[in-house]
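Commentary on secondary and tertiary structure
Letter by letter, the chains look like this.
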Amino acid sequence: MAFGFTYNEDQLALQRTVRKFVENEIVPVRAAYDESEEFPWPEVKKMFDLGLSCMNAPEKYNGMVFGNVGLCMVVEELCRGCLGIGITPLANMLASEPVLYGGTEEQWDYWYPDICEGGKLAAYAVTEPGAGSDVAGVRTTCKKDGDYYIINGTKIFITNGKHANKLTVLASHDTSKGNRGQSFFMVEAGTEGLSYGKSEHKMGMRCSETSEVIFDNVKVHKKYRIGEEGDGFKLAMKAFNSSRPFIASASTGVALGAFEYARDYAKERKAFGKTIGNHQAVAFMLADMAMDIEASQLLWQKAAWLLDENLMAADLSAMSKCYAADAANRVVTDAVQILGGYGFCRDYPVEKMMRDAKILQIFEGTSQIQRVIIGKSVLS
Amino acid sequence: MERTLKLTPEHEMLRTTFRKFVDNEIVPNYAQWEKDKIVPREVFKKMGDLGFLCPWAEEKYGGVSTGWAKGNPVPDIIPDMIMMEELGWRSVIGVFSHLHNFMTSPYIDTYGNDEQREKWLPGLVSGEKICAIAMTEPGTGSDLGAVRTKAVRDGDDYIINGSKTFISNGVLADVVIVVCRTGEGYKGLSLIVVERGTSGFERSKPIPKIGLHPQDTATLYFEDCRVPAANLLGQEGDGWGQLMSKLQPERLCGCQLSTAMAERAVQLAVQYSQERQIFGKSLGSFQNTQFVLAECATKAQICRTFTDTMIVNYMNGQDITQEVSMGKYWVCETAIEVASKCLQIFGGYGYCEEYEISRIYDDSRVFTILAGSTEVMKLIVSRGLGVK
Ligand SMILES: Cc1cc2nc3c(=O)[nH]c(=O)nc-3n(C[C@H](O)[C@H](O)[C@H](O)COP(=O)(O)OP(=O)(O)OC[C@H]3O[C@@H](n4cnc5c(N)ncnc54)[C@H](O)[C@@H]3O)c2cc1C
Ligand SMILES: Cc1cc2nc3c(=O)[nH]c(=O)nc-3n(C[C@H](O)[C@H](O)[C@H](O)COP(=O)(O)OP(=O)(O)OC[C@H]3O[C@@H](n4cnc5c(N)ncnc54)[C@H](O)[C@@H]3O)c2cc1C
C-alpha cells in the first residue's frame, strides 16, 4: 500500500499509556510548576520510569524500539499536557543525537546507560551569546593539548543545563575555519572548570531549566570527541534535521491541548442565549484550529516516516517544524480568545499554553531559519 | 509623518513632567509590582499630587477642567491620551491609572448629581480614592444585557446581591460603580456606587494572568450589601445608555494603549536589529528582517493615524461608535501581531523576561478581549453597515 495513515496496535497501546499518564500525572501539576518555576524532578522520574528518557536511543540501551513515528506520537501526547515538563526528555534526545550519528560503540556505551536507565539528564550545548541561528559562529574553543582538548567559552539558553549529567558541546578548533573547524565533545558534569551561570526567567516553559554553561579550561580526553575533528557542524545539522519532526509533534501537542480545551469550553459557555460554539465566529475559529492541527500532524508524520525509512530530508523536517510551530501559535492565541476574559487568567490552562508555544518558533532553528532552509532547497 | 493630533505647549509640558514621573517612579519599581501583582496606593496618591489624575475634573474638585464637566462641549482628552502613550512607550501599562482617569471616574462626573460629584470627585482627583467599574460577571461578559447582580430597593437603600469578575483595580478600588439589575431587560440596568468598607462587599486577591501583572484584576462579591439609594447614578434604568455612551471612550483607550505598545515594539526591534550580528552581518541586513520591520512599522503607523483621527473626532463631539469599534478590533489585533513579530526578531532573548519585548507580547493580548471582544466589535460594525 502506497499510503497508510493508521497506527499499528503497538503504537496505539503506547499512545493510550502515555495519554493516561499525562492526564493523571502531568495535567494536575502543570500549573503549579509553571507558577513556581521549579524543575519537575518527580515528573521527570516518572517519565523515565515509563521508558521515555531517551526515546531515540538504540534499542540495546532503552529496551524499546520507538521508531520516529511512534516517538513523535509520544512527544505529541506529552506536550499536549505540558511543554515545560515534556521538554526534558526531548532535550535528552537532542543532546544524544551527535552521539547517535557520529559516536562509536564505546562512546554509546559511555553515553547512553546513564541517560536511559540511570535517570540522568543530558544537554545539548550549542548556542552562545553571539551565535544562535548562526551555528558556524560558535566561539567556544577546543585547543589540542596532547591526548586532551582544553575547552574555553560560554554557552547560553541550554535546556536541562545545570541539571544535566552529560553534555554534548560544540566547540571550534579554529574559528577562522567557520563551520569546517568545529567538533562535538561529550563533557561530564563535575569536570574541573565547568560551571553554570544564570538560569533564565522565561515567558513560558517556565519549569524547564535554561542555563548558562561556562567552560574555563575544561580538559577533555580525545576519546570524548565525537567523529573526526571538523565533523561538528555536520553533526549539529544532522541532529537538527532529525529532531525537527520532534518539535513539530511537540507543537501539534501544544495546539491540541489548547484546541480541545477551547472546543469543550465553546460547548458549555453561553452568550446571547446560546453556547458560544453556536456563534459562527467561534465555530469558524475552531474549524481553522482543527485544520491547522491536522496539517501539522500530517507534516510531522511524513517527516518522521521519512526518517524511519532512512530518507532524512532536511527540507521536510524544516517544513514540519516551521508549519507546526507557526500553526501552534495561531491555535493557542485563538484558544485564549475563545475563553474570553478567562483565557487571559491563570485559573484556566490556555494562557500558559500561549506563553509556552512561542518558544516553538525560536529554538531548534527559528521559523526564519527554517524558511532559509526550505528556500534554499526549493531553489536548488 | 506629522500627527493629525495637534498638541499645545501645555500638552507638551504635561508630557515632559509625566515622562519624568514614569522614568523615576514607575519604571524602576515595575518589576517588583509585577511580582506583587499590585501597584501600591501611594503611586496613585503621588500621581494625584502631581495633577496626573482626572485632569478633566472641574477646578473646584481639584482638577484642571479639561474635560466633560457640564457646559464644556469640547472635552480635551489629550492629557489622558498623552499619559497612556507614555505608559505604553515604556511598557508599563499595568499601572492602570487610565482606567481610574478615563474609564471609570468620568461616570461620576457625567451622570452624578452635585452631591455625588462633591462626595467622590475630590478624592478621585487627589488619588486618595481609586475607582473601578464592575460590569462583567462570572456567567456573562460579552452579553452585558444578561447581568444578574440584583439591586432591590428597600426604603432609602438598595440591597445588592451578586458577584462581578475581572474587575480592574478591583483590590485597590474604593469607589466601585456596579452595574445592577433593577428591572427587566436592557431598561432594567442601573449604575450604583458601592464604597470600600460597605458591609456585605468583599473581594478576592488579584487574579493571576498572562500579562498586565501589576494590575489588580479581582472578583467582587456582594451579599446583602446595603447602600444608600443616593448612590444611584442618574435614574433607575439609565444604566444601559450610560454604559453604551462611555464604552466609546473606553474603546478609544484600548486603541491608544495598543497603538503605543505597537510603536514601542517596533522601536525596540529596530534598535535590536542594528545591534545584533548574525552570520557576520547585522540582523537588520537580512531582507526578511527589513520587510518584517517595514510591515510592522506600517501597521503601527496606520494604528496611530486611525487612533489620532478618532481622538480628534471624539473631541469634536462626533459619534464614533462605528469607527471606534473598527479600531478596537483592528488596532488591538494588530498590536498583538506586531508584538509577536517583533519578539521573533529578538530570537531566544525575546523569550526571556529580562527583555521588554516579552512584556509587550504578554500585555497586548488582553485588548482583543476586554472592553468588548474582537467578535463583539465585529457584530457592532456589521450592524452599523446595515448587515442583518
Ligand atoms: C527556552 C530556550 C531553550 C533553548 N534550549 C537550547 C538548548 O538546549 N541548546 C542550545 O544549544 N540552544 C538552545 N536554545 C537557543 C535557541 O536555539 C536559540 O535561541 C535560537 O537558535 C535563536 O538564536 P538567537 O537567540 O541567538 O537568535 P538570533 O540568531 O540572534 O536571531 C535573531 C533573529 O534573527 C533572525 N535571523 C537569524 N538569521 C537569519 C537569516 N539568515 N535570515 C532571516 N532572519 C534571520 C532569527 O530568526 C531571529 O528572529 C534555547 C533557547 C531558549 C529561549
Ligand atoms: C485583565 C482584564 C481586565 C478586565 N477589566 C474589567 C473591568 O474593569 N470591568 C469589567 O466589568 N470587566 C472587565 N473585564 C472583563 C472583560 O470585559 C470580559 O472578559 C469581556 O467582556 C469578555 O467577556 P467574557 O470573558 O465573559 O467572555 P464571553 O462573553 O464568555 O466570550 C467568550 C468568547 O465568545 C465570543 N463571543 C461572545 N459572543 C459572541 C457572538 N455573539 N458572536 C461571536 N462570538 C461571540 C467572545 O468574543 C469570546 O471569544 C476585564 C477582563 C480582563 C481579562
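The structure displayed is predicted, hence computed values, not measured ones.

1. Remarks on the overall build of chain B
If you tally the helices and strands in chain B, you get 11 helices and 10 strands. The C-alpha radius of gyration of chain B comes to 21 Å, within 12% of the 21 Å expected for a compact globule of 388 residues. For chain B, the residues scored as buried account for 53% of the 388 residues in total. Within chain B, contacts between residues separated by at least 24 positions form 74% of all contacts whose residues are at least 6 apart in sequence.

2. A look at the overall build of chain A
A count of helical and extended segments in chain A gives 12 helices and 10 strands. Taken over C-alpha atoms, the radius of gyration comes to 21 Å for chain A, in line with the 21 Å a tight globule of 380 residues would show. Projected onto its principal axes, the C-alpha coordinates of chain A cover approximately 80 × 50 × 40 Å. Every one of the 380 residues in chain A was classed for burial, and the buried ones make up 57%. Taking all contacts inside chain A whose residues are at least 6 apart in sequence as the whole, residues at least 24 apart take part in 76%.

3. Concerning the domain arrangement of chain A
Residues and elements named next belong to chain A. If you check the domain split of chain A, you get domain 1 (9–116), domain 2 (122–232) and domain 3 (234–379). Using only C-alpha atoms to locate each centre, domain 2 and domain 3 end up separated by 30 Å. Each partner contributes residues to the interface: domain 2 has 12 residues there, and domain 3 has 9 residues. Of the residues contributing to the side of domain 2 that touches domain 3, the split by class is 7 nonpolar, 4 polar and 1 charged.

4. Let's talk about the packing of helix H4 (residues 78–89) of chain B against helix H5 (residues 97–111) of chain B
The geometry of a pair of packed helices is captured by two quantities: the angle between their axes and the separation between those axes. Residue and element names in this part refer to chain B. Close contact between H4 and H5 brings their axes to 10 Å; oriented N to C, the two are set at 155 degrees. Here H4 is positioned roughly antiparallel relative to H5, judged by the angle of their axes. The hand of the H4/H5 crossing is left-handed. For the pair H4 and H5, contact is made by Asp80, Met83 and Met84 and by His98, Asn101 and Phe102, respectively.

5. Here we look at the site of ligand 2
Around ligand 2 sit 34 residues in total, of which Gly340(A), Gly341(A), Met135(B), Gly141(B) and Ser142(B) are the nearest. Counted by class, the shell around ligand 2 contains 21 nonpolar, 10 polar and 3 charged residues.

6. Section: the site of ligand 1
Of all residues adjacent to ligand 1, which total 34 residues, the nearest are Gly132(A), Ser133(A), Thr366(A), Gly347(B) and Gly348(B). Lying at an intersection of chains, ligand 1 is approached by residues of chains A and B.

7. A word on the interface of chain B and chain A
Accessible area lost when the parts come together is the quantity often used to give the size of an interface. Counting residues at the interface gives 31 residues for chain B, matched by 31 residues for chain A. At the level of secondary structure, the elements contributing two or more residues to the side of chain B that touches chain A comprise strand E9 (277–278), helix H9 (321–345), helix H10 (356–364) and helix H11 (374–384) of chain B. Split into classes, the residues belonging to the side of chain B that touches chain A amount to 12 nonpolar, 12 polar and 7 charged.

8. Regarding the domain arrangement of chain B
Residue and element names in this part refer to chain B. Under the domain assignment used here, chain B contains domain 1 (9–128), domain 2 (133–237) and domain 3 (240–384). Opposite the 19 residues of domain 1 that make contact, domain 2 presents 17 residues. Taken together, the elements giving at least two residues each to the side of domain 1 that touches domain 2 come down to helix H2 (30–36), H5 and helix H6 (114–126). Tallying contributions element by element places H5 first for the side of domain 1 that touches domain 2, with 6 residues. When its residues are assigned to classes, the side of domain 1 that touches domain 2 shows 12 nonpolar, 4 polar and 3 charged.

9. Looking at the nonpolar core
Counting residues in hydrophobic clusters, the biggest one holds 247 residues, and the most contacted among them are Phe185(A), Val254(A), Val332(A), Ala335(A), Ile192(B), Ala265(B) and Cys342(B). Per element, the largest residue contribution to this core is 17 residues, and it comes from helix H8 (residues 232–268) of chain A. Residues in contact with Ala335(A), not counting those within four places in the same chain, are Ala258(A), Phe259(A), Tyr261(A), Ala262(A), Gly343(A), Val350(A) and Met353(A).

10. Here we look at helix H1 (residues 9–26) of chain A
All names here are of chain A. Here H1 is 18 residues long and its end C-alpha atoms lie 24 Å apart, about the 26 Å a rise of 1.5 Å per residue gives. For H1, the full list of buried residues reads Leu14, Val18, Phe21, Val22 and Ile26. The buried residues of H1 occupy an angular sector of 100 degrees when the element is viewed end-on, so they sit on one face. In H1, those exposed residues whose orientation departs by more than 90 degrees from the buried face are Glu9, Leu12, Ala13, Arg16, Lys20 and Asn24. Residues of H1 that are buried sit in contact with helix H2 (30–36), helix H3 (41–49), helix H5 (67–81) and helix H6 (83–102).

11. Notes on the environment of Thr298(B)
With respect to the helices and strands, Thr298(B) occurs in helix H8 (residues 287–315). The class of Thr298(B) is exposed, set by 12 C-beta atoms lying within 10 Å.

12. Quick word on the environment of Leu78(A)
Residue and element names in this part refer to chain A. Mapped onto the elements of the fold, Leu78 is located in helix H5. Through-space distance from the C-alpha of Leu78 to that of Gly137 is 33 Å; in sequence the pair is 59 residues apart. Those residues in contact with Leu78, other than ones at most four positions away along the chain, are Val18, Val22, Gly86 and Gly253.

13. A closer look at the pairing of strand E3 (residues 157–167) of chain B
Residues and elements named next belong to chain B. Sheet analysis places strand E2 (residues 150–154) next to E3, joined by 5 bridges and oriented antiparallel. Paired with Arg153 across the bridge in E3 is Tyr158. Counting the residues in the hairpin turn of E2 and E3 gives 2 residues, including Gly155, whose phi is positive at 65 degrees. Strand direction decides the pairing type here: E3 and strand E7 (residues 218–228), joined by 8 bridges, are antiparallel. Bridging from a neighbouring strand, Ser163 pairs with Tyr221 of E7.

14. Some points on unusual backbone geometry
Here Phe272(A), not a glycine, exhibits a phi torsion of approximately 55 degrees, which is positive. Along the polypeptide, Phe272(A) turns up in the loop between strand E9 (270–271) and strand E10 (274–275). At Leu212(B), a position not held by glycine, the phi torsion is positive, near 50 degrees. Looking at the element boundaries, Leu212(B) is found in the loop between strand E6 (201–203) and E7. Using a count of 24 C-beta atoms within 10 Å as the deciding quantity, one classes Leu212(B) as buried.

15. Some words on the packing of H8(A) against helix H11 (residues 350–357) of chain A
All names here are of chain A. One can describe the packing of H8 onto H11 by two numbers: an axis separation of 10 Å at closest approach and a directional angle of 155 degrees. Taken together, H8 and H11 sit at an angle that is classed as roughly antiparallel. In the packing of H8 onto H11, the handedness of the crossing is left-handed. Contact residues: H8 offers Val254, Gly257, Ala258, Tyr261 and Ala262, while H11 offers Val350, Met353, Asp356 and Ala357. Looking at the contact of H8 with H11 residue by residue, the class counts come to 7 nonpolar, 1 polar and 1 charged.

16. Brief notes about helix H9 (residues 280–308) of chain A
For H9(A), with 29 residues, the first-to-last C-alpha span of 42 Å sits near the 42 Å given by 1.5 Å per residue. Following H9(A) by one or two positions, Asn310(A) has its phi on the positive side, about 55 degrees.

17. Quick look at the pairing of strand E1 (residues 122–125) of chain A
All names here are of chain A. Alternating positions in E1 separate into two faces, Ala122 and Tyr124 on one and Ala123 and Ala125 on the other, with burial throughout. Of the strand pairs in this sheet, E1 and strand E4 (residues 166–172) are connected by 4 bridges, and their pairing is parallel. In the sheet register, Ala123 faces E4, and the bridge partner there is Leu167.

Rules of the game
- Residues numbered from 1 in each chain as written.
- Chains lettered and ligands numbered in written order.
- Predicted model: local features only at pLDDT ≥ 70, side-chain atom pairs only at ≥ 80, totals over all residues.
- Helix = DSSP H or I, 4+ residues; strand = E, 2+ residues; numbered from the N terminus.
- Rg over C-alpha atoms; globule rule 2.2 N^0.38 Å.
- Buried ≥ 20, exposed ≤ 12 C-beta atoms within 10 Å, placed from the backbone.
- Contact = placed C-beta atoms within 7 Å.
- Domains from an automatic or database assignment.
- Nonpolar A, V, L, I, M, F, W, Y, C, P; charged D, E, K, R; others polar.
- Axes fitted to C-alpha atoms, helices over the stretch in contact; angles between N-to-C directions.
- Parallel < 35°, antiparallel > 145°, perpendicular 65-115°, else oblique.
- Left-handed = near helix turned anticlockwise from the far one by under 90°.
- Near = placed C-beta within 6 Å.
- Core = buried A, V, L, I, M, F, W, Y, C linked by C-beta atoms within 7 Å.
- Expected span 1.5 Å × (residues − 1).
- Arc of directions from axis to C-beta.
- Pairing = 2+ DSSP bridges.

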